[in-house]
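Each chain, letter by letter, is given below.
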Amino acid sequence: MRNHSSGLRSMDLLMALLSIVSVTLVGFRWLGDGLFSTETLALFYDLDSLICYIFLSHFFYGWFCASDKRAFFKANWFYLPGSLPMVEQLRWARLIQLYRVIQLLRSNPSLLAIVNKERNETRLAGILLLFFLQIGVGTALIYWIEGDKPGSQIHNAYDAFWWTLVTLSTIGYGDIVPQTEEGRFVASLLILFGVGLFSALSGFMASLFLQPHKGDGETDKWRHHYNNQQEELLREVRALRNEVRELKNK
């Protein structure tokens with residue numbers, strides 16, 4: 001999130017996607033009284049609150065990193081009402097970010113250029129996206145397979161979400177265990193995906209510690225400056241060679 005003068009970035013795409021998810025969860029809570037159980041609706045509320053905390057963290061991180069904090073706040077203040085976790089009525093304001101992202105995509109539709117703009121930011125956005133996808137798909141699958149089945153320990157959506165989170169983190173408390181072969185197969189996949197996810201997160205953190213003072217943009221500037229120096233040095237060497245050749249000819 002920023003003044004968008006620097007163009008669209010990977011985290012902007014992720015925040016727009018999470019805005020859609022947040023608005024969808026609120027819509028389910030308002031319209032799904034007869035379709036979902038009370039526990040499921042409560043889970044939707046908690047997930048929406050978690051996304052709102054991510055929105056707030058993204059906003060204040062952008063404000064903290066902005067060189068002109070007043071200009072940043074003026075350009076992005078309207079994201080704040082839709083990011084408040086306990087005011088569902090204002091969640092529709094998140095669609096403003098989706099609209100702005102669509103407008104920027106129309107002006108520059110190259111997703112590859114967006115992905116290559118800030119490598120660290122792209123990695124973080126990808127890790128968060130995979131995390132939410134795995135949590136959502138894992139919760140839905142295990143609840144569909146084992147929810148309220150005979151002998152099952154998963155009785156509601158909260159149980160499915162808790163089991164998915166614990167399994168994905170590879171902690172495995174053992175308080176909830178799949179009882180069917182299909183459920184164990186899903187557990188095996190989540191464990192493998194969880195190992196890969198946390199390995200990617202560890203690699204991302206290691207890259208930040210290895211280059212704590214250089215962002216991707218600064219590194220590109222340094223490389224550009226270094227290349228210019230090399231080209232200038234080569235031009236001077238060629239000029240000296242020409243002068244030496246002319247002196248020999250005389």
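This text follows the structure it describes.
To keep things clear, this report deals only with the structure shown in the data block. Predicted, not measured: the structure shown is a model, and the values here were computed from it.

A few words on a nonpolar patch on the surface. Residues Leu17, Ile20, Val21, Leu129, Leu130 and Leu133 make up a contiguous nonpolar surface patch of roughly 450 Å² in combined accessible area. Elements represented by at least two residues in the nonpolar patch include exactly α1 (10–31) and α6 (119–146). By the secondary structure assignment, Ile20 is in helix α1.

What follows is about helix α4 (residues 95–107). Because an α-helix completes one turn every 3.6 residues, residues spaced three or four positions apart along the sequence face the same direction. Its 13 residues place the ends of α4 19 Å apart at the C-alpha level, agreeing with the 18 Å of an ideal helix rising 1.5 Å per residue. Tucked inside the fold, the buried residues of α4 contact α1.

At a minimum axis distance of 8 Å, the contact between helix α2 (residues 38–65) and helix α3 (residues 69–76) shows a crossing angle of 150 degrees. Between α2 and α3, the angle falls in the class roughly antiparallel. Between α2 and α3 lies a crossing of right-handed hand. Of α3, the residues touching α2 (which contributes Phe59, Gly62, Trp63 and Phe64) are Lys69, Phe72, Phe73 and Asn76.

Another point: the side chain of Ser22. Take Ser22: it is sitting in helix α1. Not counting the four nearest positions on each side in its chain, Ser22 is found in contact with Asp48, Ile51, Phe55 and Arg91.

About the criteria used
- Residues numbered from 1 in each chain as written.
- Predicted model: local features only at pLDDT ≥ 70, side-chain atom pairs only at ≥ 80, totals over all residues.
- Heavy atoms only, no water.
- Patch = residues over 30% accessible without salt bridge, like charges linked within 9 Å, V, L, I, M, F, W, Y side chains within 5 Å.
- Areas by Shrake-Rupley, 256 points an atom, 1.4 Å probe, with all protein chains shown as cover.
- Salt bridge = Lys/Arg side-chain N within 4 Å of Asp/Glu carboxyl O.
- Helix = DSSP H or I, 4+ residues; strand = E, 2+ residues; numbered from the N terminus.
- Expected span 1.5 Å × (residues − 1).
- Contact = heavy atoms within 4.5 Å.
- Axes fitted to C-alpha atoms, helices over the stretch in contact; angles between N-to-C directions.
- Parallel < 35°, antiparallel > 145°, perpendicular 65-115°, else oblique.
- Left-handed = near helix turned anticlockwise from the far one by under 90°.

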